[in-house]
Amino acid sequence: MIKNYFKIAFRSFGRHKLFTLINVVGLSIGISAALVIYLIVHYDFTFDKFHKDDDRIYRVVSNFTFQGQPTYNNGVCGPVPGALKSQVTGVEFTAPVFTLSPDVFIARKNNTPTRFKAQEKVVLADQQYFKIFNYVWLAGSSAHALDAPNHVVLTSDRAKLYFPSLSYDQIIGKVVTYDTIKTTVSGIVQSITENTDLSFYDFISFGTGTINKDLADQIQVKEWESTTSASNVFIKLFPKTEPASVQKQLNAILKKNSPPRPDNNASTHAFALQALGDMHFSEKYGIFDFSTPASKRTLYGLLVIAFFLLLLGCINFVNLTTAQAAQRAKEIGIRKTMGSSRQQLIIQFLSETFIVTALAVLISVMLAPFILKLFADFIPKDVKVDFAQPYLIIFLVALTLVVSFASGFYPAILLSSYKPVLVLKNQASSKGSKTRNAWLRKSLTVTQFVIAQFFIMATVLVSKQIYYALHKDLGFKKDAIIVVESPWKNRTPARNQVFANKLRALPQIAMISVGSGAPSSNSTRSTFGLYKDGKKEVKTEVELKSGDQNYIKLYHIKLLAGRNIQITDTGRAIVINNTYAKLLGFRNPADAIGKRLEKLDNDKGETIIGVVADFYERSLHSTINPLAILYANKGYETSTFHIALKPETAGGNEWKTAIASMKTAWKSVYPDDDFDYHFYDETIAKFYNSEQHTSTLLTWATGLSIFISCLGLLGLAIYTTNLRTKEIGVRKVLGATVAQIVTLLSTELVLLILLAFLIVSPVAWWAMNKWMQSFADRTTISWWIFALSGGGMLLAAVITSSFQTVKAAIANPVRSLRSE
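Report follows, based on the coordinates. (Residues numbered from 1 in each chain as written. Predicted model: local features only at pLDDT ≥ 70, side-chain atom pairs only at ≥ 80, totals over all residues. Heavy atoms only, no water.)

As a further point, take the overall build of the chain. The helix and strand inventory of the chain stands at 26 helices and 24 strands. Classification of the 820 residues of the chain by burial places 51% in the buried group. By element, 59% of the accessible surface of the chain is carried by carbon and sulfur atoms, the whole surface being about 37,900 Å². (Helix = DSSP H or I, 4+ residues; strand = E, 2+ residues; numbered from the N terminus. Buried < 20%, exposed > 50% of the residue type's maximum accessible area, 1.4 Å probe, protein only. Areas by Shrake-Rupley, 256 points an atom, 1.4 Å probe, with all protein chains shown as cover.)

In C-alpha cells form, the structure reads like this:
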C-alpha cells in the first residue's frame, strides 16, 4: 500500500512538473531559513546552562540615574566583594573577578623569555570562583590553588600554549610573568568546551591585587564611589534564598558608605542581581570587554522571520494544490468508485506533501553550510550543522512533520471530499464550494502580500535610521582622524610625549592630541561630582574625558563659554558640557565660568573654566550625559593619541605614507609592541553593527518573501489563464484588445495588493515605532516608506503575473476555440 502511495505521488509530480518545482523551491527557502535560524537560536540559548545550580548563580551589577536618565554598568565598586563576604547573609560563595589584558612572559632555558602580547581573558579571581562554576581539575589543589598571592591557575589550552612540551604536572610550579607581576602556576583546569561567556584562561589569585600597587590602584577596594566594568562579582545563593533579600542588604551597605544627598534626588546609585542565565543577553550591562551580548529581541525577530518564510512556502503549496483540485477530480472519483476510502485518499495526499517537504528539507540541509558561510560576518563561528547532535535530528524530523501537516492537511481534506457521482458528471464541486475555495486562495494571497510588504517597510526604515545615525552631526569631527592606543605597561606621560613629538614632525599630520578616550566611545569612565552653591548640593555621576590643549580643537568641539584647557592647567581646571552646566543650575553657559566643584574624580576642588556644546558620548541609543574634560597629566589619561590628518589629494597616497611613518615612529618608542590604529569614523560606524546586521537580514528576508510570493503568484496566474483560455479567445474574437485582457486578468491582483497594503500599514507603523524607541535620537517614520513598499510590491506582482497574462492575451484565439 505504501509503495503505491509513493508511486502515485511521483506520477502526479511528473504530470505537474512546474507546480511541483514551485512548491519545492518555496518550501526549501522557508525550511533553509528555519534551519539556520534554529541553529543560531539554539546556540545562544544554551550558554552557561551546564553549571550546577545555575539558577542560584547571580552577577552583581550597578544601576545609576542622573537627570532622571538610567545608566547601567556590569561592574561594581571595589569594596563590594568584601562586603558580600562579611556583611550579607544568604550568600554561599562570593567570587570577585577583575579582568586584565597584560603581556605574558614565559622564561625559557636560555633565559630569553617568550612574550605573548596583550593576552585577553586574564582575570584576578579567588578560590571561590571554582566553587561556583564547574571546572575539571587536571593538576594542582582544587581547594587552595588561589589562596596565596602571586599564584595562577591556567586552563589546559593556555597551559599548552605557554608550556607546549610539558605535562600538566610538570607545569605546576612554573613561573608566568604578567607584565611585571611574577606568578607561580598552582593549578591546571580543563578548558570549557560548552557554550559559555566565562571563557577565562588565566586566573591570578585575587590577593595579588592587594600587594601590587598598580593593581590596587585599579581595584580601589575602599572606594565606594568609583565603578569600573573591569570589576565583576559573581555570587551563589544558599537554597531558598530570595535574590531580593541579598540585593536589599547590599544596597543598605551602599547607602551607609555612600549616603545620597537629601536635596539631590536626581542622582541615584544601586546594586542589582542579574541571573546567570540572563547574562548572555545583557544588552544593558554587557558581558565583558571581550564578549558581545546576544539580543533576545533579535533572536525572537529571527524566529518570526523563519515562521513567515515557512508560512509563505506553505501558502504556496495550499494555493496551488487547491487550484489544481478540479484537474484531479476524475482521478478521485474513479478511485472512490473502485473502493478507496476517504481515509486512504487523505493518506495519499498527505504522503505527496510529505515527499515534497522531505525533498525540500534535504535541499535545505545541503544549503545550510553555504548560508552560514554567506552570513559568517555576524553568525557566531561555532554555529554549524552537526548531525552528531541529537537535537538537530529531532528538529529536522519535527519540522518535516509539522510542515507536511500544515501544507497538506487542508488540500487533503478538500480533495478527498469530492463525491464520485458528481465528479463523473463533470460536477466536481458545487458553486458554494468553488466560492469558498476561491476566497481561501484570495485570503492566503493577501496574507503573502501583507508579509512581503511588512518586510519591505521594515527594511527601508532600518536603513533610513542607520543612514541618519551615520550622517548626523554628533557634535564633533570624526573624519580623517586616526586613534592609536599606547601599550598598557608603557603608559607614562613622558614616553607617550616622545611618540607624540615624533608624530608632530610628520608633514601629513595636521594636529596631535594626547589624552584618554575619543569623544564618543564604548569605553566609559565616570565618577561622582559634587557642587554646592550655598543653597543646595548637586551630586551626580559625571563622565570623564582627558585631553591636552589640542583635544577640543582637533575634534572641532564648539566652545560656548570660557576658554579651552591649557598646558598650565595642572588638574584643578575643567571644561564641562552644556548638559552638566544646566544640571548645576546655569541656564546661560557663561554663568558657570569660575564656579567650583567641591569634588570630582577623587580630587578636592575643580574650577570650571569652559563650557562646550553637547556631543554624543556614545551611540544614538544613549542620551547625552553630564561630562567633564580634564587636562591629561596622569599615565592612564595620556594613553590615547588622536591624530588629525591633512586632506589627501585626489589619487594621492599621503595617508598611506603617514601611516607607514607612524609605524616607524612607534617602533622607535615602543619596540616590543605592535602598532595598532583605527580610523575614528569606522569606530563610530561599529556602534551600529547590530542595526546593520538587522538591515542585512531584513533585506534577505524581504527578497526571499517577495520571491516566494511571486513564485506562488506565477503559479496561480498560469492556472487562472489556463482555466480562462476559452473566455480569452471569445473576448478577442469579439474585439477585446491585449491591454483590455491584461487589465481584466490583473484587476483582481491589484485589488488584493491594495487590501494587503491597508492591512499591513498600521501594523508596520506600530512595529517600527516600537523598534525606534531604543534610540534616544531617531529619524521620522516618513509617509514615503509606506508608499514605496506598496508601489514596489505592486510593481513586482504585476511584472510577475504579466509573463503569463500577456502571453495569454496575445495568443491566437483560433487555437483556444478550435474544439468549439
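With 98 residues, the main nonpolar core has Leu27, Leu35, Phe449, Phe476, Tyr555, Ile557 and Tyr680 as its most contacted residues. Residue contacts for leucine 35: discarding those within four places in its chain leaves Ser364, Val365, Ala368, Leu392, Phe395 and Leu396. Core analysis: the next-biggest nonpolar cluster, separate from the first, contains 24 residues, Phe98, Ile106, Val122 and Leu215 among them. (Core = buried A, V, L, I, M, F, W, Y, C linked by side-chain atoms within 4.5 Å. Contact = heavy atoms within 4.5 Å.)

Axis separation between helix H23 (residues 725-733) and helix H24 (residues 738-772) bottoms out at 10 Å; the angle between their running directions is 145 degrees. In this structure, H23 crosses over H24, and the sense of that crossing is right-handed. From H23, Glu727, Ile728, Arg731 and Lys732 reach across to H24, where they touch Ile741, Leu744 and Leu745. For the contact of H23 with H24, the per-class residue count stands at 4 nonpolar, no polar and 3 charged. (Axes fitted to C-alpha atoms, helices over the stretch in contact; angles between N-to-C directions. Left-handed = near helix turned anticlockwise from the far one by under 90°. Nonpolar A, V, L, I, M, F, W, Y, C, P; charged D, E, K, R; others polar.)

Turning to the packing of aromatic side chains, a few remarks are in order. For the structure shown, the criterion picks out 38 aromatic pairs. Centre to centre, the rings of phenylalanine 130 and tryptophan 137 are 5.1 Å apart; their planes meet at 65 degrees, and the pair counts as edge-to-face. The buried category is assigned to phenylalanine 130, whose relative accessible area is 11%. Between phenylalanine 133 and phenylalanine 234 the ring centres are 5.4 Å apart and the planes differ by 80 degrees, which places this aromatic pair in the edge-to-face class. Remark: phenylalanine 234 occurs in strand S12 (residues 231-237) and phenylalanine 133 occurs in the loop between helix H4 (129-132) and strand S7 (137-140); sequence separation between them is 101 residues. We classify phenylalanine 234 as buried; its relative accessible area is 0%. Of the aromatic side chains, those joined through ring pairs into one cluster are Tyr129, Phe130, Phe133, Tyr135, Trp137, Phe200, Phe203 and Phe234. (Phe/Tyr/Trp six-rings, centres within 6.5 Å; stacked < 30°, edge-to-face > 60°.)

Right, let's get into the pattern of salt bridges. In this structure the tally under the stated criterion is 12 salt bridges. Ionic pairing is found between aspartate 53 and arginine 56, a salt bridge with its closest N-O pair at 2.8 Å. The salt bridge involving lysine 442 is made with glutamate 748; its shortest N-O contact spans 3.4 Å. Of this pair, lysine 442 sits in helix H16 (residues 431-471) while glutamate 748 sits in helix H24, and the two are 306 residues apart along the sequence. (Salt bridge = Lys/Arg side-chain N within 4 Å of Asp/Glu carboxyl O.)

This paragraph deals with the side chain of serine 521. Mapped onto the elements of the fold, serine 521 is located in the loop between strand S15 (509-515) and strand S16 (526-532). Beyond its immediate chain neighbours, meaning those up to four positions away, serine 521 contacts Lys545, Glu617, Arg618 and Phe687.

Before going further, it helps to examine helix H13 (residues 342-374). Residues separated by three or four positions in an α-helix point in the same direction, a consequence of the helix having 3.6 residues per turn. Compared with an ideal rise of 1.5 Å per residue, which puts 33 residues at 48 Å, H13 spans 46 Å between its outermost C-alpha atoms and is within 8% of the ideal. If you look at H13, its biggest bend is around 40 degrees, right at leucine 367, and the proline proline 369 turns up within four residues after that. (Expected span 1.5 Å × (residues − 1). Bend = angle between axes of the 7 residues up to and from the residue.)

Here S15 lies mainly inside the structure; 5 of its 7 residues are buried. Two elements, S15 and strand S23 (residues 640-645), share 6 bridges in a ladder whose sense is antiparallel. Pairing of methionine 511 across the sheet is with alanine 644, part of S23. (Pairing = 2+ DSSP bridges.)

Within the element layout of this structure, phenylalanine 449 appears in helix H16. Residue phenylalanine 449 is classed as buried on the basis of its relative accessible area, which comes to 1%. When the C-alpha atoms of phenylalanine 449 and isoleucine 706 are compared, they prove to be 8.2 Å apart, with 257 residues separating the residues in sequence. Contacts of phenylalanine 449, omitting those with residues within four sequence positions, involve Leu713, Leu749, Leu752, Ile753, Ala756, Met793 and Ala797.

Let us look at helix H9 (residues 243-257). Across its 15 residues, H9 extends 21 Å between first and last C-alpha, which sits within 8% of the 21 Å expected from 1.5 Å per residue. For H9, the complete set of buried residues consists of Val246, Gln249, Leu250, Ile253 and Leu254. Here the buried residues of H9 occupy an arc of 140 degrees about the axis, which is enough to place them on one side. Of the exposed residues in H9, the ones pointing more than 90 degrees away from its buried face are Ala244, Lys248, Lys255 and Lys256. (Arc of directions from axis to C-beta.)

Even without a glycine there, the phi angle at aspartate 53 is positive, about 55 degrees. Mapped onto the elements of the fold, aspartate 53 is located in the loop between helix H2 (17-44) and strand S1 (57-66). Despite not being glycine, asparagine 150 shows a phi value in the positive range, around 60 degrees. Note that asparagine 150 resides in the loop between S7 and strand S8 (151-155). Judged by relative accessible area, asparagine 150 falls into the partly exposed class, the value being 27%.

So, about the pairing of strand S11 (residues 202-205). Going residue by residue along S11, you find Asp202 and Ile204 tucked away on one face and Phe203 and Ser205 tucked away on the opposite face as well. Of the pairings in the sheet, the one linking strand S6 (residues 122-125) to S11 comprises 4 bridges and is parallel in character. Across the sheet, leucine 124 pairs through a bridge with isoleucine 204, a residue of S11. Pairing of S8 with S11, which is carried by 3 bridges, proceeds in the antiparallel orientation. When the bridges of S11 are listed, valine 152 appears paired with isoleucine 204.

Bringing the environment of threonine 65 into the picture now. Residue placement: threonine 65 occurs in strand S1. In this structure, the C-alpha to C-alpha distance between threonine 65 and histidine 269, residues 204 residues apart in sequence, is 6.8 Å. A distance of 2.4 Å separates polar atoms of two side chains, one belonging to threonine 65 and the other to threonine 268. (Polar contact = N/O pair within 3.5 Å; in protein donor to acceptor, adjacent residues only side chain to side chain.)

Purely geometric stuff here, so don't read any function into it on its own.
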